[in-house]
Amino acid sequence: RGKRAFIAGVADDNGYGWAIAKALAAAGAEILVGTWVPALNIFETSLRRGKFDESRKLPNGSLMDIVKVYPLDAVYDTPDDVPEDVKTNKRYAGSSNWTVKEVAEAVTKDFGSIDILVHSLANGPEVTKPLLETSRRGYLAAISASSYSFVSLLQHFLPIMNPGGASISLTYIASERTIPGYGGGMSSAKAALESDTKVLAFEAGRKGQVRVNTISAGPLGSRAAKAIGFIEKMIDYSYVNAPLQKELLADEVGNAAAFLVSPLASAVTGSVVYVDNGLNTMGLAT
Ligand code: NAD
């Protein structure tokens with residue numbers, strides 16, 4: 001049987017989540033995605049209308065099949081956690097069962113088990129503010145959406161992950177080196193995500209024989225990155241300064257993710273793997 005993957009954080013065809021889905025599909029995996037509730041409608045409509053058909057093309061010429069799209073908001077674990085204004089918001093009221101626990105239950109009911117869990121989501125409402133000007137609320141929101149969301153997803157999906165399974169998340173070097181502009185507590189959130197990768201690798205390894213790694217990816221002009229505001233500058237900086245002077249393609253991160261969740265990486269867990277044209281190794285701008 002082929003492997004089954006649940007990929008949280010796909011809402012268009014530009015981001016790392018989409019590229020990871022494609023790499024896994026090309027390797028024969030069955031693809032389920034979790035899409036942020038407010039983005040669900042446009043994503044599903046675009047899929048249905050064929051807007052993504054060109055980018056659904058796999059190397060063998062077939063089109064990636066997304067078997068099911070689940071609405072998801074990874075900042076809520078159970079319906080009790082959802083505040084009234086969100087519950088009644090019209091972008092949310094049209095969907096149901098989108099808290100993490102409910103999505104895990106729905107996947108269990110629909111498919112029984114998964115092999116691969118991908119976390120490709122982040123959000124920091126104050127990302128454009130320096131840390132020194134970030135509110136407590138903004139900081140905690142960044143951690144909730146970008147770090148705890150992974151703890152929660154693994155917590156709820158681990159019971160249905162087959163032994164030998166693997167999970168992966170996406171991080172950024174701003175966790176360990178100062179990147180002015182990556183604010184709002186997002187640098188803190190990535191530091192938490194990387195530390196949690198080690199602890200969760202231990203716990204999920206012992207409990208379910210599941211591996212946990214994270215990819216520290218170089219800059220990509222995704223929708224989320226464009227919202228931060230300086231992504232073009234980071235892409236240019238990387239091009240000028242990295243050991244490999246080439247554009248970083250989302251597919252290169254997708255391929256590394258496919259390796260890390262495959263049996264080829266069966267002894268790799270708890271690691272931060274850099275997929276950034278080597279930029280992280282430089283100590284001096286060139
Ligand atoms: P993206 O816009 O494709 O992905 C982010 C996704 O998160 C979106 O689909 C968005 O709808 C979703 N999302 C936001 N809040 C959510 C919530 N509460 N519940 C569920 N989904 C939610 O952008 P991307 O840049 O590909 O981001 C994917 C991951 O890659 C993120 O963790 C990001 O930090 C990381 N990353 C990105 C870069 C970059 O330069 N783009 C570099 C390193 C790491």
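Located above this text is the structure these notes cover.
Residues numbered from 1 in each chain as written. Predicted model: local features only at pLDDT ≥ 70, side-chain atom pairs only at ≥ 80, totals over all residues. Heavy atoms only, no water.

Enquirer: Describe the pattern of salt bridges, and please don't skip the residues or the numbers.
Expert: All told, the structure shown has seven salt bridges when counted by the stated rule. Here Asp110 and Lys68 are joined by a salt bridge, their closest N and O atoms 2.9 Å apart. Of the two residues, Asp110 is situated in helix H6 (residues 100-111) and Lys68 in strand S3 (residues 66-72); the sequence distance between them amounts to 42 residues. Given the relative accessible area of 32%, Asp110 is considered partly exposed. In this structure, Lys101 engages Glu105 in a salt bridge whose closest nitrogen and oxygen atoms are separated by 3.2 Å. Of the two residues, Lys101 and Glu105 both sit in helix H6, four residues apart, roughly one turn of that helix. Under the relative-accessibility criterion, Glu105 is labelled partly exposed at 43%. (Salt bridge = Lys/Arg side-chain N within 4 Å of Asp/Glu carboxyl O. Helix = DSSP H or I, 4+ residues; strand = E, 2+ residues; numbered from the N terminus. Buried < 20%, exposed > 50% of the residue type's maximum accessible area, 1.4 Å probe, protein only.)

Enquirer: Describe the pairing of strand S5 (residues 161-171), and please don't skip the residues or the numbers.
Expert: The element S5 is largely enclosed, with a buried count of eight among its eleven residues. Direction of pairing for strand S4 (residues 114-119) relative to S5: parallel, over a ladder of five bridges. What sits directly across from Ile116, in S5, is Ala166. In this view, the connection linking S4 to its parallel neighbour S5 by way of helix H7 (residues 136-157) has right-handed handedness. Here six bridges tie S5 to strand S6 (residues 211-217), and the two strands are oriented parallel to one another. Within the sheet, the bridge partner assigned to Ser167 lies in S6 and is Val212. Crossover connection from S5 via helix H8 (residues 186-208) to parallel S6: handedness right-handed. (Pairing = 2+ DSSP bridges. Right-handed = clockwise from strand over helix to strand, strands pointing away.)

Enquirer: Mind laying out H8, listing which residues take part and the relevant values?
Expert: Of all the bends in H8, the greatest measures close to 25° and is centred on Val199. Buried residues of H8: Met186, Ser187, Ser188, Ala189, Lys190, Leu193, Glu194, Thr197, Leu200, Ala201, Ala204 and Gly208, and no others. With its phi angle positive at about 50°, Gln209 sits one or two positions after the end of H8. (Bend = angle between axes of the 7 residues up to and from the residue.)

Enquirer: Describe the site of the ligand, naming the residues involved and giving the relevant values.
Expert: Around the ligand, 26 residues are found, and the nearest of them are Tyr16, Asp73, Lys190, Leu220 and Ser222. Here Leu170 contributes a backbone N or O atom positioned 3.5 Å from an oxygen atom of the ligand. Lys190 places a polar side-chain atom, nitrogen or oxygen, 2.8 Å from an oxygen atom of the ligand. Against a free-state accessible area of 810 Å², the protein chains account for coverage of 93% of the ligand. Listed by contribution, the elements that provide at least two residues to the shell around the ligand are S5 and helix H9 (223-228). With three residues, the single largest contributor to the shell around the ligand is H9. Looking at the shell around the ligand residue by residue, the class counts come to 16 nonpolar, seven polar and three charged. (Near = heavy atom within 4 Å. Polar contact = N/O pair within 3.5 Å; in protein donor to acceptor, adjacent residues only side chain to side chain. Areas by Shrake-Rupley, 256 points an atom, 1.4 Å probe, with all protein chains shown as cover. Nonpolar A, V, L, I, M, F, W, Y, C, P; charged D, E, K, R; others polar.)

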